[in-house]
Amino acid sequence: MSNSFDPRFSRRGFLKGSALVMGSALFPAFARASGKTDVTIIGAGLSGLYAASLLEQSGLTVRVLEGRNRIGGRLYTLDDVPGAPEAGGQTIGPNYGRMIFNASRVGVPLNQVDFGLGNEPVRQVMQVAGQRVLPADWATCAGNPFPDEFKAMTPDQLLPVLLGKPPFSQGNDWLSDSNFNLDIPVSQLLREKGLSAKAIEMLGAANNYGRTLDESSLLFLYRNNYFVMQSMQTPGGVKMAQGGNQRVPEAMAKHLSGEVLTGKVAAKIKERDSGITVRCDDGSEYESQYVLSSVPFSTLRHVEIDAPLHVMQREAINELEYGKVYQAHFEVVSPFWEGKGFLPNVWSDSVIERVFASDPSQSGKITNLTVWINGKGVEAVEKLSEKDAAALIQKSLYEALPEAKGAVKFVRLFNWQDSPMSRGSFATWKPGQVARYANVMATPTSRLHFCGEHTAQWASGMEGALESGERAANEILTKV
């Protein structure tokens, strides 16, 4: 993904690069004499903040510019909602080594997530064609479009089964030319397995990684599923940060020596032989020897970049797809599901798509319901006013869970597309985009570097963001 590091680098090469960061504390801050900052980082999310900490440990001066008025990027704990649920990254897997390390480094405790909340035997109900369906009845449900051998499986169970085990021996195999033949629509594989258009559409509601399964790369799903499987095979259990996952980047920012300035929306990046400048939309300018952009390409495409980018890199900045996620958050007032035989988790073919019951504040009981709409389903609600969208979602929720009426309280909506600093959830590569962009899109120029989960080579999510920040810091340090 860069000129400095081959995406298929060896473990020895990776350890050598890590040693560079750890051993470079003796490097002089070469820009100090001129009064310039060594590195300007755009974005105060996990990737930018981790890179900042590694560069500072190496003796460089760093300034972080964040367009939002908060720290954390796409880690966003909704502190204004009772229970403080997560709008962004939900959980920290046992294979999130960098995330676990950074939380420990900045003093944020991680608590085990209890997925065994509630004593009701049925953990999820379905709503199909307006009717509640229990899992035991799904196989004979008239609305079940799956082939006979798969009828007993719910949509969220069936998709990973149909995809099968990722054909990788290691996590960065998705970047290998030999696997680019898999950079095809997921729906193509499902049609080859005999699924109907209706069945494929139903499976798409359980897919976070694309508008539809026609628009989701099979290779990219294999990449993410490989990381999930690795997490399931790693001991230690799933965790969340005490007080919310956003507390980790907030604490990382406080541990930096340099400035972290919020409300600084980057408008232009201008590279010259003598240095590189970031101009913000408030007119302020920041000059340094290097700039590291950690923002998603969905945001970066709205920044004027006067630098010698690779032609395919510019195309990637403009074309890389980002997912749509629309949420509605409810506070549980009373446990309406108790004695009913089921928990309030729902898979629905209606506008609400999925309902997740959770205990984000780790109280030991279900305190929150989150309606989670993604992909094509978002289009039905994002065109409405917030008032009308909230009314439609509540109506649909009470149709799926009539017992919840009066027992839950609607608190707020959250739509990742509304944030100009993200304009979507996370990178969701379309078919053909991995082969076309993945190995060039993070290529640095002489002074402009890139990180963020979309540039990660091995991991995804929070861990991918941190991995990319580490890589970018190493790239800069090789130039010092």
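All of the points below concern the structure found in this document. (Residues numbered from 1 in each chain as written. Predicted model: local features only at pLDDT ≥ 70, side-chain atom pairs only at ≥ 80, totals over all residues. Heavy atoms only, no water.)

## Digging into the overall build of the protein
And step 1. Summing up its helical and strand segments, the protein has 14 helices and 17 strands in all.
And step 2. Against the 2.2 N^0.38 benchmark of 23 Å for 480 residues, the protein shows a C-alpha radius of gyration of 23 Å, consistent with a compact globule.
And step 3. For the protein, the share of sequence-separated contacts (at least 6 apart) that also reach a separation of at least 24 residues comes to 74%.
And step 4. Within the structure as shown, the protein displays about 19,400 Å² of accessible surface, and the carbon and sulfur contribution to it stands at 51%. (Helix = DSSP H or I, 4+ residues; strand = E, 2+ residues; numbered from the N terminus. Rg over C-alpha atoms; globule rule 2.2 N^0.38 Å. Contact = heavy atoms within 4.5 Å. Areas by Shrake-Rupley, 256 points an atom, 1.4 Å probe, with all protein chains shown as cover.)

## Here we look at helix H14 (residues 461–477)
And step 1. With 17 residues, H14 extends 25 Å between its outermost C-alpha atoms, agreeing within 8% with the 24 Å of an ideal straight helix rising 1.5 Å per residue.
And step 2. Across the 17 residues that make up H14, a large majority, 16, are buried. (Expected span 1.5 Å × (residues − 1). Buried < 20%, exposed > 50% of the residue type's maximum accessible area, 1.4 Å probe, protein only.)

## Considerations on the pairing of strand E9 (residues 275–280)
And step 1. Here strand E8 (residues 266–272) runs beside E9; their pairing, made up of six bridges, is antiparallel. In the strand pairing of E9, Glu271 is matched with Ile276.
And step 2. Where E8 folds back on E9, the antiparallel hairpin that results is connected by two residues.
And step 3. Relative to strand E10 (residues 285–293), E9 runs antiparallel, the two being bridged by four bridges. Across the sheet, the residue bridging to Val278 is Tyr286, located in E10.
And step 4. With antiparallel pairing between neighbouring strands as the criterion, E9 and E10 make up a hairpin whose turn holds four residues, including Gly283 at a positive phi of roughly 95°. (Pairing = 2+ DSSP bridges.)

## Examining the pattern of salt bridges
And step 1. Tallied over the full model, the rule gives 21 salt bridges.
And step 2. Residue Glu304 pairs with Lys268 through a salt bridge whose shortest N-O separation is 3.6 Å. Here Glu304 is found in strand E11 (residues 304–306), whereas its partner Lys268 is found in strand E8, with 36 residues between them in sequence.
And step 3. By relative accessible area, which is 44% here, Glu304 ends up partly exposed.
And step 4. We note a salt bridge from Glu399 to Lys395, for which the minimum N-O separation is 2.7 Å. Separated by four residues within a single helix, Glu399 and Lys395 lie in helix H12 (residues 386–400), roughly one turn from each other.
And step 5. You can call Glu399 partly exposed: its relative accessible area is 43%.
And step 6. A cluster of three or more residues bridged by salt bridges with shared partners is formed by Asp79, Arg247 and Glu250. (Salt bridge = Lys/Arg side-chain N within 4 Å of Asp/Glu carboxyl O.)

## Some thoughts on unusual backbone geometry
And step 1. Here the phi dihedral of Ala84 falls at roughly 50°; this positive angle occurs in a residue that is not glycine.
And step 2. On the secondary structure map, Ala84 appears in the loop between strand E2 (62–65) and helix H3 (97–105).
And step 3. Look at Arg423: it is not a glycine, yet its phi comes out positive at around 50°.
And step 4. By secondary structure assignment, the location of Arg423 is in the loop between strand E16 (408–415) and helix H13 (433–437).

## Here we look at the side chain of Gln433
And step 1. By the secondary structure assignment, Gln433 is in helix H13.
And step 2. The residues contacting Gln433, other than those within four sequence positions of it, are Asp183, Glu319, Leu320, Glu321 and Ala438.

## Looking at the packing of H3 against H14
And step 1. It is the contact of H3 with H14, at a shortest axis distance of 8 Å, that shows an interaxial angle of 80°. Judged by the angle between their axes, H3 and H14 are roughly perpendicular. Across the interface between the two elements, Gly97, Arg98, Met99 and Asn102 from H3 touch Met462, Glu463, Leu466, Glu467 and Glu470 from H14.
And step 2. Partitioning the contact of H3 with H14 into residue classes produces three nonpolar, two polar and four charged. (Axes fitted to C-alpha atoms, helices over the stretch in contact; angles between N-to-C directions. Parallel < 35°, antiparallel > 145°, perpendicular 65-115°, else oblique. Nonpolar A, V, L, I, M, F, W, Y, C, P; charged D, E, K, R; others polar.)

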